[in-house]
Amino acid sequence: MSQTTSISMAEIYRFLAQSMRYPSPDWMQADYFSVLDTFIAELGWDTETQALGQSLFESDDWLEPLQVEHTRLFVNAIPTVIAPPYGSVYLSADGMLYGPSAEKTKQFYREQGFDLAGEADIPDHISFELDFLALLAEEGKSDEEERFLSLHFRPWFPKFQARILQEGRHPFYGVLVNLIDFFTREEM
Amino acid sequence: MALNLTRRKFLQTASLAAATAAMSGCFARQANASTPFVKKPFTAPGSFADTKTVVGGVCEMCFWRCQLVGKVRDGKLVKLEGNPKSIDNGASICARGNGGVKLLYDPDRLKFPMKNVGKRGAPQWKRISWDEALDECATKLKAVVDKHGPHGIAMFPHGSSATYPMGFFENVVGTPNISEASFFQCRGIRDMAYVATLDTAPDENVDMANAKVIFLLGGHFGENVHVSHVKRYLKGLENGAKLVVVDPRFSASAAKAHTWVKIKPGTDTAFLLAIMNHLVKTGKYNKAYVEANGEGFDKFSKGISLATLDWAAKICDVPAKQIKEVAELLAANAPNVSIHPGRHVSWNGNDFQRERSLACLTGLLGAIGVKGGFVAGKGPKVGKAGGWPKINEEHAEAHALHKMAKKYQFSPPGTPTDMIRDAAVSGKPYAIKGFVAWGQNPIQTVPGEDLTIKMLQQMDFVMVCDIMPTDITMYADILLPESSYLERYDMIKPGTQWDLSGKQEQYIAARMPLVSMTAADHERKDPVWITNELAKRMGLGQHIPVKTQEEKTEKMLAGANLSIEQLVKEDGIHVQPGVDPYGKVLKVKFFSQELAEAGFPAVPTYLPVPEPPKGFARLVYGRAPVHTFNRSQNNVWLVNEMPENPVWLNDESAKKMGLKDGDRIELVNQDGVKSQTSSVLKVTPGIRKDTIYMAHGYGTKNPAMTVGVGKGIDDQSLITKLAVDPETGAHGMRNNFVKFVKNGKVLSIPA
Ligand code: SF4
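Residues numbered from 1 in each chain as written. Chains lettered and ligands numbered in written order. Predicted model: local features only at pLDDT ≥ 70, side-chain atom pairs only at ≥ 80, totals over all residues. Heavy atoms only, no water.

## Thoughts on the overall build of chain B
This is how it is decided: Strands are runs of DSSP state E lasting at least 2 residues, helices are runs of H or I lasting at least 4, and numbering of each runs from the N terminus. As defined in this context, the radius of gyration uses C-alpha atoms, and a globule is described by 2.2 Å times the residue total to the power 0.38. Burial status follows relative accessibility: with a 1.4 Å probe on protein chains alone, a residue under 20% of its type maximum counts as buried, one over 50% as exposed, and anything between as partly exposed. Any pair of residues with heavy atoms lying within 4.5 Å of one another is described as a contacting pair. Using a 1.4 Å probe, the Shrake-Rupley method yields the accessible areas, and only the shown protein chains count as cover for residues. Lys and Arg are tallied as positive, Asp and Glu as negative. Neither His nor the chain termini are counted. Each charge is placed at NZ for Lys, CZ for Arg, CG for Asp and CD for Glu.
What chain B contains, in helices and strands, is 26 helices and 28 strands. Its C-alpha atoms give chain B a radius of gyration of 28 Å, within 12% of the compact-globule value 27 Å for 751 residues. In terms of overall dimensions, chain B has a C-alpha envelope of 105 × 65 × 55 Å along the principal axes. Residue burial in chain B is summarised as follows: out of 751 residues, 62% are buried. Sequence separation of at least 24 residues holds for 74% of the intrachain contacts in chain B that already meet a minimum separation of 6. Here chain B has roughly 27,000 Å² of accessible surface; of this, 53% comes from carbon and sulfur atoms. Side-chain charges of chain B comprise 93 positive and 75 negative groups, with the mean position of each set lying 3 Å from the other.

The structure is reproduced here in structure tokens:
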């Protein structure tokens, strides 16, 4: 990857990390949607553009349904938390947070000279992993980027993605995980 | 664009220029844009890879409060162990205690304040900020108080995190409508009956380690595990104590018993009366103790004189010979006998009289203040802090439902659950329109789910504070997430060495955090902070007694000349010389003037309980060693340990019914209520034909408990008929009867 593309990847990772955070008017503004729009248009995801457009732009009351969906998918919900956004939930036998894979992820951060700010931060939260990828991309460490993806991200992300694609009730997160998939999947 | 577009090509496309320009606008505010990472030069593993031992944990997987240490590796709690310095539980903890780690890292734990934008019972959650959540709680609760008075609020608390907010609602807001499950659905009856008889609540203060006889009524240690309690019990057995177990079921304790009394459930008081009458008639009671300390003994002996061995034998379905045997065994070993007061005693609606009988039997044997008898360890003094000023006590007193109705004069603190619920549903004598659940899940703790839901549905506002998404959370308008017992400062646990006859020592432990709360992916708060914020917003901030949990702990420790710093230096537990606990004499009210005046039987009296209708058997329940009722329901380790609660059925009955061990069955009760889930059948000669048994705390209906949901049968849902103990107003939960259902077919149980 050339220097310039690495910088762009950093921005994209950061954009994706942000997208998985709780929907709030703080950041979910015209600029955000224009980036999202450009991405999916560029990818030729026409059906998705349409579905997103209907639920987001043709209604004044678009934020609350998105917040409800985020809470249901990732925080707490009835009938069930669909997809806890933490790697070890998918990688450890007991489906718990902070499993052995999470500790290894943290170790990887450390080796690259980074640590999590919060003492009790769960290391393998999807946004953390994407933010970390942004940092690697920013520093031009493309080998490490690829190593992190293959060792710590790709082993669980498809399972997480599948749950959202199957159980999601709002097109936004389906589009988002497909976007994340596009930018993180292994390239031949 | 082509479908097989690659990432590399994508990044080179020209139209992305527009996106790059807009990109900076995606992270509008700096606060949200900051990365969760900090730069830190890499140091070779060693320093942080080591597992550290953190002291100051106090377990809360059950109420016993064993002292813990946490093994923490790089900020992650890897394991919990008993604190080796403990003179109580020592280095041991039980399976549930171990499982605390899984509670901490349960992905289903509540993380953020949430608002229900759906319906009560069928919620749709939206994460909101603490400010929004607290403002709404305060406004709505205050509106209830303004319109209906402080008594318009009902609070259902449980556990140590609820102590501080309960003080606020009771003393400052001024509502009498507080229902603690630990009192009204568990041990309140026991406490009040012992207070009426011996003038002290008994806890589990029997010196089993040094007893010659241990007498258990329904106690099933081994299945019911509290570490130092079981240590006392086992030490007693090791030393040769004879064990008498009175239970319709061949429990883990019955398996170790010298005498197993296979009693008909609900008739225990008759059994106890016959023992006492036999001791009195044959002069084998402790005359010296009774003469010196007994009150109303003559009226008592006259009052129980009809309770002959044969009378009880018939009622209890136990041979008269066995009753006599037990009586003689107790007499021969008195006063060094442990008559265990029990713990969960809200059984049949005649429970106060049974508990009073146990207290009287203890007195009759003079088994008080002596080795093996009823003895409380003498714990150390600690300071008090965090108590709210009682500014509204009179109002609460004047509006207490049971006092207004002149009923349940022996009610434990708070108000009997049924009275609160009935008042809320009927609006009489006054409206109850605000509801607060704090750590309690009344959907499962309180029998009569339909009525509870009716009560909740008519509220103007429902607030729930908890750790896990239990059933009650589905009814919350606002749901608040609490820190767990492993992450906060909290209560002080004082006590003595576990074996009362050992070297006399006292200890003071404080619950201190084993792991940090600082994390970006949740906003849990501790109960002191939440309550104080609520108080401020309700305009009651001037009464706040402590600013933080830590301050509360410091103040309490200061009362013992300790500090948090000092306690940490002493490995989390301060140990000091103790006091000999033996020799304390208690007066025994064999006849109670107080009870007589309130119109209740003044000497222990047996009141028959309803019989199972034809084809049904009585449903009883108990504890499982790996569970603390529904608190541990979603715990992966514990659920794997015992995923379901097998339903016990007598082998001869099973044969007649065509059922086999391991069959999948459901249950239906006398009111036609069917269990919503199924479980597995356990066929055994170790249970009476008229009794069905299962462990409590299974079959949660809340699908947010992803591990526990639908596993086993929820006994509570089958408890639709409520008995209410007349003296205390507490619930009796064992007057419900069931039949089996297999493959949709209802099967009667032969008599
Ligand atoms: S008995 Fe078990 S669950 Fe109860 S406090 Fe002790 S370790 Fe914890």
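After presenting the structure, the write-up continues.
## Side note on the interface of chain B and chain A
Let me state the cut-off plainly: A carboxyl oxygen of Asp or Glu within 4 Å of a side-chain nitrogen of Lys or Arg is what we treat as a salt bridge. Polar contact criterion, stated in full: a pair of N or O atoms within 3.5 Å, where within protein one must be able to donate a hydrogen and the other to accept it, and residues adjacent in sequence count only if both atoms are side-chain atoms.
Taken residue by residue, the interface counts 63 residues in chain B and 71 residues in chain A. The residue Lys102(B) makes a salt bridge to Asp94(A) at a minimum N-O spacing of 2.4 Å. Our count for the contact surface shared by chain B and chain A stands at 22 residue pairs in polar contact (both at pLDDT 80 or more). Elements with a contribution of two residues or more to the side of chain B that touches chain A: α1 (7-12), α2 (16-23), β1 (37-39), β6 (125-127) and α25 (636-641) of chain B. For the side of chain B that touches chain A, the element with the most residues is α2(B), which contributes five residues.

## Some words on empty space enclosed by the protein
All names here are of chain B. Heads up, the rule is: With a 1 Å grid laid over protein atoms only, a set of points is called a cavity when a 1.4 Å probe fits there but cannot get out and a pocket when it is open yet has protein on both sides within 12 Å along at least five of seven lines; lining residues have an atom within 4 Å of a point. Grid points are joined across faces, edges and corners, and a volume is the space filled by probe spheres set on the points. Each residue receives one of three labels: charged for Asp, Glu, Lys and Arg, nonpolar for Ala, Val, Leu, Ile, Met, Phe, Trp, Tyr, Cys and Pro, and polar for the others, Gly being one of them.
What the rule picks out here adds up to seven cavities of 30 Å³ or more. What the largest cavity holds in volume is close to 410 Å³. Taken together, 36 residues form the lining of the largest cavity, with Gly-218, Gly-219, His-220, Trp-347 and Arg-734 sitting closest to its centre. Per-element tally for the lining of the largest cavity: the top contributor is strand β20 (residues 617-622), with three residues. The class makeup of the residues in the lining of the largest cavity is 16 nonpolar, 12 polar and eight charged.

## Notes on helix α2 (residues 30-43) of chain A
Side chains that are three or four residues apart share a direction in an α-helix, a result of its 3.6 residues per turn. Residues and elements named next belong to chain A. Note the following rule: Given a helix with a known number of residues, its expected span is that number minus one, times 1.5 Å.
Its 14 residues give α2 an end-to-end C-alpha distance of 20 Å, which sits within 8% of 20 Å, the value for a rise of 1.5 Å per residue. What α2 keeps buried is the set Tyr-32, Phe-33, Val-35, Leu-36, Thr-38, Phe-39, Ile-40, Glu-42 and Leu-43. Once α2 finishes, Gly-44 follows within two positions and takes phi at roughly 75°, a positive value.

## What about the confidence of the model for chain A?
Our working definition: Each residue carries a pLDDT score, the predictor's own confidence in it, on a scale running from 0 to 100.
With 94% of its residues at a pLDDT of 70 or more, chain A has an overall mean of 89. Note that residues 1-7 of chain A has pLDDT below 50 and, in this model, five contacts with residues that lie over four places away or in other chains.

## Considering the nonpolar core
Operational definition: Here, nonpolar core means buried Ala, Val, Leu, Ile, Met, Phe, Trp, Tyr and Cys residues that are tied together by side-chain atoms lying within 4.5 Å of each other. Where each domain starts and ends follows an automatic or database-derived domain assignment.
Within the largest apolar cluster, 127 residues are counted, with the highest numbers of intra-cluster contacts made by Tyr32(A), Phe39(A), Phe160(A), Phe172(A) and Phe435(B). Counting contributing residues, this core receives three or more from each of domain 1 (114-182 + 382-479 + 518-561) and domain 2 (202-377) of chain B. With near-sequence residues (within four places) excluded, Phe172(A) lies in contact with Ser19(A), Met28(A), Tyr32(A), Leu36(A), Leu52(A), Leu56(A) and Leu66(A). In terms of nonpolar packing, the next biggest core, distinct from the first, is built from 67 residues, Val245(B), Phe271(B), Leu273(B) and Ile368(B) among them.

## Here's the deal with the sheet that holds strand β4 (residues 76-82) of chain B
Residue and element names in this part refer to chain B. Note the cut-off: Strand pairing is assigned whenever DSSP identifies at least 2 bridges connecting the two strands. Here an angle of 0 to 180 degrees is reported between the N-to-C directions of two axes, which are lines fitted to C-alpha atoms, with helices fitted over the stretch in contact.
Read across the sheet, three strands follow the order β2-β3-β4 without closing on themselves; strand pairing throughout is antiparallel. Edge positions in the sheet fall to β2 (51-58) and β4, since each has one partner strand and no second. Shown here is a sheet whose adjacent strand axes are inclined to one another by a mean of 30°, direction ignored.

## What to know about the pairing of strand β9 (residues 242-246) of chain B
Residue and element names in this part refer to chain B. Quick reminder of the rule: A right-handed crossover is one whose linking path, passing over the helix from the first strand to the second, runs clockwise when the strands point away from the viewer.
Among the five residues in β9, four count as buried, and that is most of the element. Relative to β9, strand β8 (residues 213-217) runs parallel, the two being bridged by five bridges. By the bridge assignment, Val-213 is partnered in β9 with Lys-242. For the crossover from β8 across helix α9 (residues 227-238) to β9, the handedness is right-handed. Examined bridge by bridge, β9 and strand β10 (residues 259-261) share three bridges and lie parallel to one another. Bridging across to β10, Val-246 finds its partner in Val-261.

## Looking at the sheet that holds strand β16 (residues 492-496) of chain B
Residue and element names in this part refer to chain B. Taken in spatial order, the three strands make up an open sheet running β16-β17-β18, and their pairing is antiparallel. Looking along the sheet, the strands with just one partner apiece sit at the ends: β16 and β18 (573-577). On average, each strand axis in the sheet is inclined to that of its neighbour by 15°, with strand direction left out of account.

## A short note on the packing of aromatic side chains
All names here are of chain B. Which entries qualify depends on this criterion: Each aromatic pair joins two rings of Phe, Tyr and Trp (for Trp, the six-membered one) with centres within 6.5 Å, and gets the label stacked for planes under 30 degrees apart, edge-to-face for over 60, and tilted for any other angle. Counted as over-ring charges are cases with an Arg CZ or a Lys NZ within 6 Å of the ring centre that also lie within 35 degrees of the ring normal.
Scanning the model with the defined rule gives 44 aromatic pairs over all chains in all. Taken together, a centroid distance of 5.4 Å and an interplanar angle of 85° make the contact between Trp-130 and Trp-529 edge-to-face. With a gap of 399 residues between them, Trp-130 in helix α6 (residues 130-148) and Trp-529 in helix α21 (residues 527-537) connect regions that are remote in the sequence. Lying over the aromatic face of Phe-112, Arg-127 brings its terminal NZ or CZ to 3.7 Å of the ring centre. Across from the ring centre of Trp-648, 4.1 Å away, lies the NZ or CZ of Lys-682, which sits over that ring.

## Quick notes on the side chain of Glu129(A)
Residues and elements named next belong to chain A. Following the sequence through the fold, Glu-129 ends up in helix α7 (residues 126-138). Although Glu-129 lies buried, it forms no salt bridge, and the closest oppositely charged side chain, Arg-154, sits 10 Å away as judged by the N-O distance. Those residues in contact with Glu-129 that lie beyond four places of it in its chain are Thr-105, Tyr-109, Pro-123, Asp-124, Phe-148, His-152, Phe-153 and Trp-156.

## Details of the domain arrangement of chain B
Residue and element names in this part refer to chain B. Selection rule: Accessible area, probed at 1.4 Å, shrinks when two parts are joined; the buried area is that loss added up over both.
Parsing chain B into structural domains produces domain 1 (114-182 + 382-479 + 518-561), domain 2 (202-377) and domain 3 (617-747). The centre of domain 2, based on its C-alpha atoms, is set 28 Å off from the matching centre of domain 3. Each partner contributes residues to the interface: domain 2 has 25 residues there, and domain 3 has 25 residues. Both faces considered, domain 2 and domain 3 share a buried interface measuring about 2,000 Å² in area, 53% of it formed by carbon and sulfur atoms. For the pair domain 2 and domain 3, the interface holds one salt bridge. For Arg-688, the salt bridge goes to Asp-317, with nearest N and O atoms at 2.8 Å.

## Side note on the pattern of salt bridges
The full count for this structure, using the stated rule, is 51 salt bridges over all chains. Its salt-bridge partner being Lys403(B), residue Glu397(B) comes within 3.2 Å of it at the nearest N-O pair. The exposure class assigned to Glu397(B) is partly exposed, which follows from its relative accessible area of 44%. Among the residues examined, Lys403(B) registers a relative accessible area of 43% and is labelled partly exposed. Among the ionic pairs, Glu505(B) bridges to Lys503(B), the shortest N-O distance being 3.3 Å. Residue Glu505(B) is classed as buried on the basis of its relative accessible area, which comes to 17%. Lys503(B) sits in the exposed class, given a relative accessible area of 64%. Among the charged side chains, a salt-bridge network with shared partners connects Lys106(A), Arg110(A), Asp115(A), Lys40(B) and Asp74(B).

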